[in-house]
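# Structural characterization, general
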Amino acid sequence: AGLAWVAELTAHGEGHRGSAMGFATTGLALGVLCGPLAGGFLFSAVGQRATFQLAGVIVLLNAAAQLVFRQLTMTTTTTTTTTT
């Protein structure tokens, strides 16, 4: 769903969809590569419970940020399409 959102946001741009998709895919790959390493370090440093609590907080913050940014882009898209 995230890449579809990137494609939607760059649909009316000046041909920047490829670089936007590249940045999104790079972020995904970095998360897949670095996530287990960071999780392992956290697990050994603070234990299982704190590691999962931190992961839960990160997930909730991510969900809230996506809702806010989605609402902002919907408002901007609606304003742009109604004024042109």
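Right above here is the structure, for reference.
What comes next concerns the included structure. (Residues numbered from 1 in each chain as written. Predicted model: local features only at pLDDT ≥ 70, side-chain atom pairs only at ≥ 80, totals over all residues. Heavy atoms only, no water.)

### Quick notes on helix H2 (residues 17–46)
An ideal rise of 1.5 Å per residue puts 44 Å on 30 residues; H2 measures up with 41 Å between its terminal C-alpha atoms. Bending of H2 peaks at approximately 35° at the position of Cys34, with proline Pro36 no more than four residues after it. Looking at the residues trailing H2, positive phi occurs at Gly47, about 100°. (Helix = DSSP H or I, 4+ residues; strand = E, 2+ residues; numbered from the N terminus. Expected span 1.5 Å × (residues − 1). Bend = angle between axes of the 7 residues up to and from the residue.)

### Thoughts on a nonpolar patch on the surface
A surface patch of nonpolar side chains, about 320 Å² in accessible area, is lined by Leu42, Val46, Leu54 and Ile58. Every element with two or more residues in the nonpolar patch is listed here: H2 and helix H3 (48–83). Here Ile58 lies in helix H3. (Patch = residues over 30% accessible without salt bridge, like charges linked within 9 Å, V, L, I, M, F, W, Y side chains within 5 Å. Areas by Shrake-Rupley, 256 points an atom, 1.4 Å probe, with all protein chains shown as cover. Salt bridge = Lys/Arg side-chain N within 4 Å of Asp/Glu carboxyl O.)

### Some thoughts on the side chain of Thr51
Here Thr51 lies in helix H3. Dropping the residues within four chain positions of it, Thr51 is found in contact with Gly39, Leu42, Phe43 and Val46. (Contact = heavy atoms within 4.5 Å.)

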